Every structure is written in structure tokens, then in C-alpha cells.
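Listed below are the residues making up each chain.
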Amino acid sequence: MSEVAIQFEGLSKSFGKVQAVHNLSFSVEFGRVTGFLGPNGAGKSTTLRTLLGLIHPHAGTATFAGVGYEQLPHPSSHVGAVLEEASFHPGRSGRNHLRVLAAAGSHPEGRVQQVLDQVGLSDAADRRVKGYSMGMRQRLAIAAALLGDPDVLILDEPANGLDPPGIRWMRELLRFEAGRGRAVLVSSHLLSEVSQSVDDVIVISHGVLRASGTLDEVLGGADAPITRVRTREADRLAGLLRERDHAVEPESDGALLVRDAAPEVVGEVAAEHRVALSELVAVSRSLEDVFFELTEGES
């Protein structure tokens, strides 16, 4: 079993009368990429900021294997984080920005060139940051997070400002770092991209945990199997399936969507009553489908 890198236990935080996070419990493991998903205002930023010691919870804990961020002996060597839009001195070069951070964190100066190479900024390293594009600034922020060669990476919307090749690079970076045994916690709105990058998924809404597990578990966990079936006797077959307590939804093209029933179950009902079928397939659900089901379309 993988070792736990991050642990949330009963985390709750309110701002005045607004409950931002309520009794939130989940873990993130080393060697895995965990997607942290939720609509705007769901409590993601509050959760991450609590983990990094930037705000204090009213109840519960957020720790790194039982140790709070403020108690870590060398935080930037254990945790690298990019939260929201990073700030830079506009007149400073990308290289000098990282040199300042390396000195502040007591990291070897050689790490500066290593992370510049890793994020693809070597050719622009000596340019002033004010001339960087949004995507280049995002790469610089990620370079800063990598500077201490941390065991844990926490990235909030890391693909912001990246073009398609940059998004692909980000995906490969996440997988590479997890492959090295790092724990990677990534918050993102790019659900299709998350589904290609992560091992585990956490979904919250209104500050409450809605789903937690491997990607396959979460994709299969909200409604379980869905079958698409087509027949000239759609009304009759729909009635037969509803008699067996299956939810049946007619589609605009005449097909039926049957929830909580695998194709073989639907096929057996059709065969028993001699209903000829022209289509019978399992419908695979996307992470986007599950996300909206779990968050009830909240935006």
C-alpha cells in the first residue's frame, strides 16, 4: 500500500456565517496524482490554504503525515506549492527570481538551472518577468515550487495560461513527479485533462466531500452501469424495464438510456419478451458527467 503524504481529518472552517469547509476528511498518497475538484466556491482554496498554514481551521486537522506545515523542519524542501496567480518582481529576470527563492530556502544555486531546464524556460531565463506571457509566468511559478526538490507538490490550476503543448507538458510533469514517488495534489477546472493525468479523485461541493477514490471508482460510483439500447418497440421495452425498477430515459434520437443496468441485463429482458434490438451498448461516463452529478450542476 502507498504511504499517506497528506491527511485531512474533520477539517472545518467558517468565515463569519459562511461555512467554507465542513468535516472534510481524505488523504493523498505518495507516488500518485490526486485531482482535487469542485465548482467555484466549493472550498478548494480554503482547504489548500489551511493545509499550507495560511489560515487556521475551526475544527479538524490538515497535515503532512501527521505534521503541520508550520512544524516541518524545512518546509520548501518538503512541499512545493503554486496557489492562484503567483507574484513576481516585474523588473527581475526569471533566473534572478529563482535565485532569491533559492537563497531564502537554503537550496543549492545549481537547482535554479535544473528547474529552468525542467520547465522549459532556459532560453528566457535572463529576460525580465514583465515581458513573460501568462504561460511563461505559470512555468516560472512551477519552477519555484520544484526548487526544493519537494516530496509533495500542490498545484492550483497549474494549466492556467498554457497552450496545448504546454498542457501536454504539464500532464507529463505530473506523471513524472508521481513516478519519482512524489505526492501530487492538483486542483483544476480542465476535467478532460484531469481525467488523463490523475490516479485518484477528490470531489467537494459546498465545502462537503462528495466523492473520494481512484478515478475508476469515482467514474463508476455515482450511478453505476448505464446502457444505451435501441429497438422499434422502445415504449414496450421501457415499460418492461421500469417494471424491474430500472430508470429509463428516452433520447431524442429514439434510443433509451437505462441506468443501473448492464447491457446483459437489458438484453435478457429483451430476449425474454422477444423484443428485437438494433443497438445494445454500455455507456462510459466522463469525469465531467460525474462531476456535474455529484455537484448538482453547481457553478
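Because the structure is predicted, anything quoted here is derived from the model rather than measured. Within any chain, residue numbers begin from 1 and follow the written order of that chain's sequence. Local features in this predicted model are restricted to residues whose pLDDT is 70 or higher, and side-chain atom pairs enter the listing and the counts only when it is 80 or higher, whereas totals over whole chains, interfaces and linings include all residues. The side-chain figures draw on all heavy atoms in the structure; neither hydrogens nor water molecules are used.

### Some points on the overall build of the chain
And then number 1: Tallying secondary structure elements over the chain gives 11 helices and 13 strands in all.
And then number 2: Judged by the C-alpha coordinates and their principal axes, the chain covers about 75 × 45 × 40 Å.
And then number 3: Burial analysis of the chain (299 residues in total) assigns 49% to the buried set.
And then number 4: Of the contacts made within the chain by residues no fewer than 6 positions apart, 69% connect residues no fewer than 24 positions apart.
And then number 5: All accessible-area figures derive from a Shrake-Rupley calculation using a 1.4 Å probe, and residue coverage is judged against the displayed protein chains alone. On the chain, roughly 14,500 Å² of surface is accessible, and the fraction owed to carbon and sulfur atoms is 49%. Counting from the N terminus, the helices are the DSSP runs of H or I reaching at least four residues and the strands are the DSSP runs of E reaching at least two. A simple rule labels every residue: compare its accessible area, found with a 1.4 Å probe on the protein chains alone, to the largest value its type can have, and call it buried under 20%, exposed over 50%, or partly exposed in between. Two residues form a contact once any of their heavy atoms are found within 4.5 Å.

### Quick look at the packing of helix α9 (residues 234-243) against helix α10 (residues 263-272)
And then number 1: What counts as an axis is a line fitted to C-alpha atoms, over the stretch in contact for a helix, and the angles between N-to-C directions run from 0 to 180 degrees. Axis separation between α9 and α10 bottoms out at 10 Å; the angle between their running directions is 115 degrees. As judged from the angle between their axes, α9 and α10 are roughly perpendicular. The handedness of the crossing between α9 and α10 is right-handed. Between α9, through L237, L240 and L241, and α10, the contact on the second element is made entirely by V266, V269 and A270. For this classification, under 35 degrees means roughly parallel, over 145 means roughly antiparallel, 65 to 115 means roughly perpendicular, and everything else is oblique. Handedness of a crossing is defined here by the sense of rotation of the near helix relative to the far one, left-handed for an anticlockwise turn of less than a right angle and right-handed for a clockwise turn.

### Points about the sheet that holds strand β12 (residues 256-259)
And then number 1: Sheet architecture is open: four strands sit in the order β11-β12-β10-β13, paired in antiparallel fashion. Two strands close off the open sheet at either side, each with one partner strand: β11 (247-250) and β13 (279-282). On average, adjacent strands in this sheet sit at an angle of 20 degrees to one another, irrespective of strand direction.
And then number 2: Sheet topology note: the strand β10 (residues 226-230)/β12 ladder contains four bridges and is antiparallel. Looking at the pairing, T227 lines up with V258 of β12.
And then number 3: The strands touched by α10 within the sheet are β10, β12 and β13, with β13 carrying the most contacts at an inclination of about 155 degrees. Pairing between strands requires that DSSP locate at least two bridges from one strand to the other.

### Regarding unusual backbone geometry
And then number 1: Phi is positive for A65, close to 50 degrees, though the residue is something other than glycine.
And then number 2: Residue position: A65 is located in the loop between β4 (59-63) and α2 (75-78).
And then number 3: Even without glycine at this site, R274 takes up a positive phi of about 55 degrees.
And then number 4: If you trace the backbone, R274 turns up in the loop between α10 and β13.

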